[in-house]
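As a plain string of letters, each chain reads:
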Amino acid sequence: MERNIKISKSVIKSKKALILVSTVFPYVETFLHTEIKFLRKKFDLIIIISNHKKTNKNFSLGEEVIVLNYPYQLSKLNKILSFSKITSTVFWREFLLTFKSKKFKLNIIKSMLTSLKRGELFAKHLDKIIQQYTFKHDVLIYSYWANDMAIGLALLQKKNKKIKTISRAHRFDLYEYVNEINYLPYRSLLVNQENLKN
């Protein structure tokens, strides 16, 4: 959900901007609560994109921090439209890489399609945010999880090489065996396009 937010003149004149993508922060306290204190010292403008449904924060983040909400789940329409991604070269590259080492499974195909659709939608959303909020800042986009939002970062960076991105991976987004279908989509895309940290 996009909002028009007044930004102070000091922030507008600043040079370093961070877009931080999170699942629940800042509505639920996580390790990012401590990390954000250090990030505020390094960046003049921080935009937090949270997948959480809440709108009320339990603590103040400062005037240089903007919080925007973006849903992680696809709408019913976009779930249907995700099947159109079967014509994408990104999909087929992933398909060929995956089935060299895995058996053919429909649920893996479904994961490939929906993850790519979710990533593409988020990449477009990120591009709008960069245009709207970061002005002429040097922008770093940081995804706290290597999930489908991070796929969006990689797709955006693929189109715009000037954008710097970084993703962290923890457990469920790092080890395939933790997932029910024993598969994590587009890992090669993430590694090739981003700086991936665990």
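Data block above holds the structure.
Residues numbered from 1 in each chain as written. Predicted model: local features only at pLDDT ≥ 70, side-chain atom pairs only at ≥ 80, totals over all residues. Heavy atoms only, no water.

### Side note on the overall build of the protein
Reasoning step 1: Along its length, the protein carries 7 helices and 6 strands.
Reasoning step 2: When the elements of the protein are put in sequence order from the N terminus, they spell out α-β-α-β-β-α-α-α-β-α-β-α-β.
Reasoning step 3: Sorting the 198 residues of the protein into buried and exposed places 49% on the buried side.
Reasoning step 4: Considering only intrachain contacts with a sequence separation of at least 6, the fraction spanning at least 24 residues in the protein is 73%. (Helix = DSSP H or I, 4+ residues; strand = E, 2+ residues; numbered from the N terminus. Buried < 20%, exposed > 50% of the residue type's maximum accessible area, 1.4 Å probe, protein only. Contact = heavy atoms within 4.5 Å.)

### Looking at the nonpolar core
Generally speaking, soluble globular proteins have nonpolar side chains that are buried together.
Reasoning step 1: With 40 residues, the main nonpolar core has Ile19, Ile47, Met112 and Ile141 as its most contacted residues.
Reasoning step 2: Within the residue set of this core, elements represented by two or more residues are strand E1 (16-22), strand E2 (45-50), strand E3 (65-69), helix H4 (89-98), helix H5 (106-133), strand E4 (138-143), helix H6 (148-159) and helix H7 (187-193).
Reasoning step 3: Considering each element in turn, this core owes the most residues, 11 residues, to H5.
Reasoning step 4: In contact with Ile141, not counting residues within four places along its chain, are Ile19, Val21, Leu126, Ile130, Leu153, Leu156, Ile163, Lys164, Thr165 and Ile166.
Reasoning step 5: Counting residues in hydrophobic clusters, the runner-up holds 16 residues, among them Leu20, Leu32, Ile46 and Tyr142. (Core = buried A, V, L, I, M, F, W, Y, C linked by side-chain atoms within 4.5 Å.)

### Some thoughts on the packing of aromatic side chains
Reasoning step 1: Following the criterion strictly, the structure yields 8 aromatic pairs and no others.
Reasoning step 2: Note on Phe91 and Phe95: the rings are 6.0 Å apart at their centroids and 40 degrees apart in plane angle, and the pair reads as tilted. Within this pair, Phe91 and its partner Phe95 are both found in helix H4, separated by 4 residues, close to a single helical turn. With respect to class, Phe91 is no different from Phe95; both count as buried.
Reasoning step 3: Ring plane angle 45 degrees and centroid distance 4.7 Å describe the contact between Phe95 and Phe99, whose orientation is recorded as tilted. Residue Phe95 shares its accessibility class with Phe99, and that shared class is buried. (Phe/Tyr/Trp six-rings, centres within 6.5 Å; stacked < 30°, edge-to-face > 60°.)

### Some words on a nonpolar patch on the surface
Reasoning step 1: Taken together, the side chains of Leu174, Tyr175 and Tyr177 present a nonpolar region at the surface, about 320 Å² in accessible area.
Reasoning step 2: Here Tyr177 lies in the loop between strand E5 (164-168) and H7.
Reasoning step 3: Accessibility expressed as a relative area gives 59% for Tyr177, which makes it exposed. (Patch = residues over 30% accessible without salt bridge, like charges linked within 9 Å, V, L, I, M, F, W, Y side chains within 5 Å. Areas by Shrake-Rupley, 256 points an atom, 1.4 Å probe, with all protein chains shown as cover. Salt bridge = Lys/Arg side-chain N within 4 Å of Asp/Glu carboxyl O.)

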